[in-house]
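Residue-level listing of the chains:
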Protein chains: 4
Amino acid sequence: MNQIGCDKYTEHRQELIAAFKEVRQQTLNLTSTLSAEDMQIQSMPDASPTKWHMAHTSWFFEAFILAKFQSGFSWHDPMYHKLYNSYYNALGEPFSRAKRGMITRPSVDEIRDYRENINARMTTLLTECRDAQFKEIAPLLVIGLNHEQQHQELILTDIKHALFQNPTYPAVFPHDGARETQPDQRWLAVEGGEVSIGYAGDGFCFDNELPRHRVLLDDFEISNRLITNAEWLEFMQDGGYEKPLLWLSDGWAWKNENQAKAPFYWVHEDDEWQAFSLAGLRSIKPNEPVTHINYYEADAYARWTGCRLPTEQEWEHAATLLSAKDADEVLCLSQGLSQGLRWEWTSSAYLPYPGFCPAIGNVGEYNGKFMINQMILRGASGATQCGHSRFSYRNFFGPSARWQFSGVRLVRLD
Amino acid sequence: MNQIGCDKYTEHRQELIAAFKEVRQQTLNLTSTLSAEDMQIQSMPDASPTKWHMAHTSWFFEAFILAKFQSGFSWHDPMYHKLYNSYYNALGEPFSRAKRGMITRPSVDEIRDYRENINARMTTLLTECRDAQFKEIAPLLVIGLNHEQQHQELILTDIKHALFQNPTYPAVFPHDGARETQPDQRWLAVEGGEVSIGYAGDGFCFDNELPRHRVLLDDFEISNRLITNAEWLEFMQDGGYEKPLLWLSDGWAWKNENQAKAPFYWVHEDDEWQAFSLAGLRSIKPNEPVTHINYYEADAYARWTGCRLPTEQEWEHAATLLSAKDADEVLCLSQGLSQGLRWEWTSSAYLPYPGFCPAIGNVGEYNGKFMINQMILRGASGATQCGHSRFSYRNFFGPSARWQFSGVRLVRLD
Amino acid sequence: MNQIGCDKYTEHRQELIAAFKEVRQQTLNLTSTLSAEDMQIQSMPDASPTKWHMAHTSWFFEAFILAKFQSGFSWHDPMYHKLYNSYYNALGEPFSRAKRGMITRPSVDEIRDYRENINARMTTLLTECRDAQFKEIAPLLVIGLNHEQQHQELILTDIKHALFQNPTYPAVFPHDGARETQPDQRWLAVEGGEVSIGYAGDGFCFDNELPRHRVLLDDFEISNRLITNAEWLEFMQDGGYEKPLLWLSDGWAWKNENQAKAPFYWVHEDDEWQAFSLAGLRSIKPNEPVTHINYYEADAYARWTGCRLPTEQEWEHAATLLSAKDADEVLCLSQGLSQGLRWEWTSSAYLPYPGFCPAIGNVGEYNGKFMINQMILRGASGATQCGHSRFSYRNFFGPSARWQFSGVRLVRLD
Amino acid sequence: MNQIGCDKYTEHRQELIAAFKEVRQQTLNLTSTLSAEDMQIQSMPDASPTKWHMAHTSWFFEAFILAKFQSGFSWHDPMYHKLYNSYYNALGEPFSRAKRGMITRPSVDEIRDYRENINARMTTLLTECRDAQFKEIAPLLVIGLNHEQQHQELILTDIKHALFQNPTYPAVFPHDGARETQPDQRWLAVEGGEVSIGYAGDGFCFDNELPRHRVLLDDFEISNRLITNAEWLEFMQDGGYEKPLLWLSDGWAWKNENQAKAPFYWVHEDDEWQAFSLAGLRSIKPNEPVTHINYYEADAYARWTGCRLPTEQEWEHAATLLSAKDADEVLCLSQGLSQGLRWEWTSSAYLPYPGFCPAIGNVGEYNGKFMINQMILRGASGATQCGHSRFSYRNFFGPSARWQFSGVRLVRLD
């Protein structure tokens, strides 16, 4: 959908309806090998049950589009409106996040019915409404589809965390994310100066990618690839997790409290490090990008190397600039976007761009209210839906979050 | 099984095999209206998932009987031996109690398979073994059946708690426990003196009911019935939950921390008190026995009336004595046993009887190690399996536990 | 005071006034080597600042005697009435226990002034009141003195805990409790039968020691001495803290959570076990009674030996019986009372005696409301004030409490 | 000290020695009305005892200067080196921050002796060392003095929190911070463009104020004054604390968890809002700047007004620019620096400037390791030592911190 210019939505009604069907189907595809039990549980407050994601993404269309545009609208089930409102205070008090895993009724099957009901009503509305109305609906539809794609990634990260609770380490997919090996390390020189940051096209973007604005950057050199498992093992073997001077103060406290000594999902079994994946427990491949490390770990690692993490502006500028140049040079940086490797931690806090203005209406709660206590990640991961991310996309998580598919790319100190 | 004298187990092999089948079937019966999702979750650390109960009761037979007596034994799945060991340290480190709800694999269906596998192997063993071996197996079998009956009650109390998390208050059974109305209040005089306490027959009992021993009791008067909802409402309306002088110090702290102001499962909706049951949300019936109150509440209530709770010895003595007398007089006391009304809080701490000796072998961990921080409840409830309890039966829970079917019977102060 | 018969209080007015002065002075004596800083802090919620004890014991006389009997009474400072009410809900909402250490004003000096003010007003009242009034005052006075003696022991146990927080392990007293070596182990046979339990004399006792009543006891054999440090070291070396089958279930959980592996205050330094005392850090003396172990540890230790702890009735009966016999035989049992060695854990829960009736008036909250979740300790310790304890005295603490001067005496299994 | 150019330290040796004496004396002056008890306690983990501040600031000179430069150096007390190391891992494992209030020994008097000992040794060293050595010492000395001035402010903020625990609300100072009334509201237009940020002079600054660098700013309008109590009351009366849409998501959670409904230290008594100050409890003055609000509150307030908080770059640029202009126009902005009103929350996260390089040596842990989870405050407060702050000074606290003297200045949205 990103490719369709916002002012051309009405011209592309059929394409948008097709996209709706495809995105909705993709959610079911992702969950096809999960059991009702898998989809029920919430393995930590930050993660949500698969079931909940399936219902919440449907509720989004019901609450933001059908409730407003469908004639003779009534809620599929008024209780769902309560249960599946994630955090939109403007639409009533949301159900307690930490208790999502306690809702056994409706069942997974009833939620599948809910999805079908929404699909049917949405398809009818999208097909039958007049152009004038479609013009109003389209922007919300596109947000809804991007929203569902975000939840598709969360379905994967959250179910991975849930399945990890089983000491049998079950495999549910043939493979788990991009496992491409990394090329030799090279430093790519990027010229600074006054550059533009923020979404530039006429397609879809989130409100937090705007307004596009100018910033000053120094020249810098960024790595052509991500840090690998082999490099991370070196860090571990050099006592990286035991040297307080490498760590931020909060990071050191986090490390001690959680007794962290390796990336999340790493398990030392049979005399070697293995990692849990959605394809089960597997040996670490040295040349693949390290993943499931949090900001504190990424930052400590960078300090250990004598390098640093990029700012989000450096990252965006480098990605934009290099993608326009020789394809070879930017192999992994562009891969990070087009095919998905790892979300890359930046050293930037998640804050509003100068002149930021939340989206109008109830969707205004989507992004702005999380602009505190979070760090920016750029790029995309193997769990990101194809075409969902872009150079200006701002992902964000707290500095201790490890269950996302996050990795490290370095910038060289002068 | 209780009826069969322990020295006659071999004579009654067929009856015991039939009992095995019946008890095993009853667990399935109890869960027939539950979904896989219902059976997955653990709504608090004290409660366990239905699934877990189904597996654990099977594991009990596998670990204590098949592992010892079946020739060519191997575990159905070695991982189950780890996952479904509740607390028997002698059999290896038990899986963390608080994380039982996180185990999505095996699924409910796989656990049903496990049950069938155990049933088949047990039936073969029980049918084919020689008398000498049956003699060894029978006591463990009888413990195993009583154990499964205890878990049948826990399946009900735990699923009630789990379903209560759903704001829709789903109904899964046509009714919920005994709801018999209570007769008019009368005080039944019981003569004290030197009396015998503890199990007396030649059937089955748990180790904690032994040894039978003599104690001195004063004369006392015990109520012919349980406290009703109407009486509890009076207590509430008189500010019972707001008067610190009625409460034990720990009870008052519990009350404040939990902001308790009515029995558990009571919900004030539509301008009246209703109670959640396994049959859904229903109006309070004034003349039914109050239930789901903890020791602190029972004790505060008794102090408010100027009466007190019975000791476990008084309770057992009264039950024994009165059951031998005029049936009318003891209506509800005996009902408490034969048909099940409520587990009745006593003022006795759960401690070993003089000369207590834990059962020999690995089952020795069954009872003795819980003899601290718990209070005794006597009788039975509507959720107790028929014929499972007896006058000497000692149930026990911590003083703040409310999710069991517990009620109050008073003894008059002199 | 215990020695004066209750009906003779008025005859002994001068003695009681002298006792008042002596007890009040003793509190000051105990605190003479402590700094204002030492007396300020609260090192855990269960312990109170020295300062608070000094003020609270004064408040007790002000609130229960002066407020009622002094003509023209007014509070020394109305705020003190709020701050130093420990838990008497009948006298207003008590100040939060856990925040006692946050009250820096009044200062220690102001609390000393408060003590003097109370002393003066009490002395005047006690001296000048008529006999009829003295008769009313005397029982409260005697409770007040016993109350202050209890707090004198708590001053010692609490300051020991507070000073232990200093890594310098400061010494404030020349010695710390009774350190008498223990005689050779012998088993003293005690005949059971129907015996009387509870306070029998005509002096002072607490309400929880009454009513005196009859119980049935089996014959038993009790050790002539307490378990020593050397014996406890054997338990430790045999892996006592690592064997779950020795422990109550809650005890094992406590042990793991606190990573306990030796008695409280034991510190492994300079290649040996040392113990912190009010005289500083000192080597363990093998032949002294072990101290600062909780109920869980005492119970596990007993199980390890194949013996058990006495019930409180056995303890009281043995003490009474043996004290009347050959002095040699009962050396340490009577020492436990007359000179003070360790509070001895019994296997009895703290529950009301049959027919228990709390003291009349506001002091009724003194004992009864703590009759849950606590175990009985009998005897006395080196920190107990001389003459304060007696055979029928019921001390009580939760099963995880370790900061009292508690030890173990065993009873032999048949 | 800020005024002395770094390259001229040796020329100004006498001035620096005088500054040392003055700063050291000022710490004692601030604590002269506090009791030993006041100085002992730690009322929350974020605050430290006065005693600890007194010792820690002395330890700083001992550990960073005397240990390196004094010939024949030995620690005043090796234990102090352990107890008063705040967070310098390079110097050994720091004592647990949360337990600072448990250290009763050394006493306040012993810490005063420690201070005198350090003063004497430092004065001798500073007076007698050769110029070459003084050149090495001076930068550390100046950091030490700035460090002690920071702790002087913390002594005030922390003791305010400690004294607030007393329900008597004691007064220890004649007044509490700057209480100047605020002028009429005016918007001061500030021109943006490419501006320089970071310390520019040749005097002292902290490493986090460097390197000076260029940033792009839009034009903006900033208020000439701080938000007043009267304005905050309007926000409260308009339901500001009850409207989730005004708050950041984490802020709303903070608000609910803490049941916040007014600035910290505000107490509703005698039918009016009063505020606790170091001069006791006093009525709110409507025209004084609101204080003791955290980032969440400041941000919600700004959203309520339709304005926003300044970024730290805007603040610094405005302060620099306006201070060079008409004095009237910038009254309060410059007051914020020269006289001290409130620390002003900015919307900037505390992150390193481009090219940031931590100070060399052990003092390198001073600032950099806190660059996460904190927001920047600019300006100064009435509790800031005269001459300590400057335009480029970066103060920082977590978004929920309320115990600092923090206020709000707004920037107008376009």
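Given the structure is predicted, the values throughout are model-derived calculations rather than measurements.

Analysis parameters
Residues numbered from 1 in each chain as written. Chains lettered and ligands numbered in written order. Predicted model: local features only at pLDDT ≥ 70, side-chain atom pairs only at ≥ 80, totals over all residues. Heavy atoms only, no water. Domains from an automatic or database assignment. Contact = heavy atoms within 4.5 Å. Buried area = accessible area lost by both parts, 1.4 Å probe. Helix = DSSP H or I, 4+ residues; strand = E, 2+ residues; numbered from the N terminus. Salt bridge = Lys/Arg side-chain N within 4 Å of Asp/Glu carboxyl O. Polar contact = N/O pair within 3.5 Å; in protein donor to acceptor, adjacent residues only side chain to side chain. Buried < 20%, exposed > 50% of the residue type's maximum accessible area, 1.4 Å probe, protein only. Pairing = 2+ DSSP bridges. Axes fitted to C-alpha atoms, helices over the stretch in contact; angles between N-to-C directions. Parallel < 35°, antiparallel > 145°, perpendicular 65-115°, else oblique. Left-handed = near helix turned anticlockwise from the far one by under 90°. Least-squares fit on C-alpha atoms with pLDDT ≥ 70 in both. Nonpolar A, V, L, I, M, F, W, Y, C, P; charged D, E, K, R; others polar.

I'd like a description of the domain arrangement of chain A, backed by residues and values.
All names here are of chain A. Considered domain by domain, chain A is made up of domain 1 (6–164) and domain 2 (187–413). If you average the C-alpha positions of domain 1 and of domain 2, the two centres end up 28 Å apart. The interface is formed by 33 residues belonging to domain 1 together with 30 residues belonging to domain 2. Among the residues domain 1 hides against domain 2, the three largest losses belong to Glu-153, Lys-160 and Phe-164. Together they make up 26% of the total. Breaking the side of domain 1 that touches domain 2 down by element, the ones donating at least two residues are α1 (13–30), α3 (50–69) and α6 (131–164).

Describe the side chain of Arg-394 of chain D, naming the residues involved and giving the relevant values.
Within the fold, Arg-394 of chain D resides in the loop between β9 (375–379) and β10 (395–397). When residues no more than four places from it in sequence are discounted, the contact partners of Arg-394 of chain D are Asn-208, Glu-209, Glu-312, Ala-349, Tyr-350, Leu-351, Tyr-353, Met-371, Ile-376, Leu-377 and Arg-378 of chain D.

Tell me what's going on with the arrangement of the chains, and back it up with residues and numbers.
Separated in space, chain A and chain C share no contact, their closest pair of C-alpha atoms being 15 Å apart. Left apart from each other, chain B and chain D have a closest C-alpha approach of 15 Å.

Give me the interface of chain B and chain A: which residues, what numbers.
Every contact between the two is made by 29 residues of chain B and, on the other side, 29 residues of chain A. In total, about 2200 Å² of surface goes out of reach between chain B and chain A, with carbon and sulfur atoms giving 61% of it. Per-residue buried area on chain B facing chain A is highest for Glu-37, Met-102 and Arg-105 of chain B; these three make up 33% of the total on that side. Inspection of the region where chain B meets chain A yields two salt bridges. Joining chain B to chain A, the criterion identifies eleven residue pairs in polar contact (both at pLDDT 80 or more). Among the elements of the structure, α2 (36–40), α4 (78–83) and α6 (131–164) of chain B are those that each provide at least two residues to the side of chain B that touches chain A.

Got a sec to walk through helix α9 (residues 295–305) of chain A? Specific residues and values, please.
Residue and element names in this part refer to chain A. Of all eleven residues that make up α9, eight are buried, and the element is covered over most of its length. If you check which residues of α9 are buried, you get Tyr-295, Tyr-296, Glu-297, Ala-298, Asp-299, Ala-300, Tyr-301 and Ala-302. Against α7 (229–237), α8 (249–258), β8 (343–349) and β9 (375–379) lie the buried residues of α9. Near the N-terminus of α9, the side chain that reaches the backbone nitrogen of Tyr-296, with its oxygen 3.0 Å away, is that of Asn-294.

Tell me about the sheet that holds β9 of chain A, residues and numbers included.
All names here are of chain A. Strands sit in the order β10-β9-β8-β11 across an open sheet of four strands; the sheet is mixed. The open sheet has two edge strands, β10 (395–397) and β11 (406–407), and neither has a second partner. With three bridges connecting them, β9 and β10 associate as antiparallel partners. Paired with Met-375 across the bridge in β10 is Phe-397.

How would you summarise the packing of α1 of chain A against α3 of chain A if you had to cite specific residues and measurements?
Residues and elements named next belong to chain A. Between α1 and α3, whose axes approach to 10 Å, the crossing angle comes to 160 degrees. As summarised for this structure, α1 and α3 are arranged roughly antiparallel, according to the angle between their axes. α3 is crossed by α1, and the crossing has left-handed handedness. Every residue of α3 that contacts α1 at Phe-20, Arg-24, Thr-27 and Leu-28 is listed here: Met-54, Thr-57, Ser-58 and Phe-61.

Any details on the relation of the copies chain B and chain A? Residues and values, ideally.
Turning chain B through 180 degrees and shifting it by 0.0 Å along the axis lays it on chain A, with an RMSD of 0.0 Å. Taken together, the rotation angle and the small translation identify this as a two-fold axis. Of every C-alpha in chain B, the one belonging to Glu-37 of chain B sits nearest the axis of rotation, 2.8 Å from it. When the interface residues of chain B are mapped onto chain A, 100% of them again lie at the interface, so the same face is used by both copies.

Could you give an account of the interface of chain D and chain A, naming the residues involved and the relevant values?
Where the parts come together, the accessible area they lose is often given as the size of the interface. At the interface, 29 residues of chain D touch 30 residues of chain A. Counting each side, the surface lost to burial between chain D and chain A is near 2100 Å², with a carbon and sulfur contribution of 66%. The largest contributions to the chain D side of the interface with chain A come from Leu-216, Ile-372 and Asn-373 of chain D, which together make up 25% of the buried area. Linking chain D with chain A are zero salt bridges, by the criterion used here. Elements with a contribution of two residues or more to the side of chain D that touches chain A: β3 (213–217), α8 (249–258), α9 (295–305) and β8 (343–349) of chain D. Residue classes in the side of chain D that touches chain A are distributed as 17 nonpolar, six polar and six charged.

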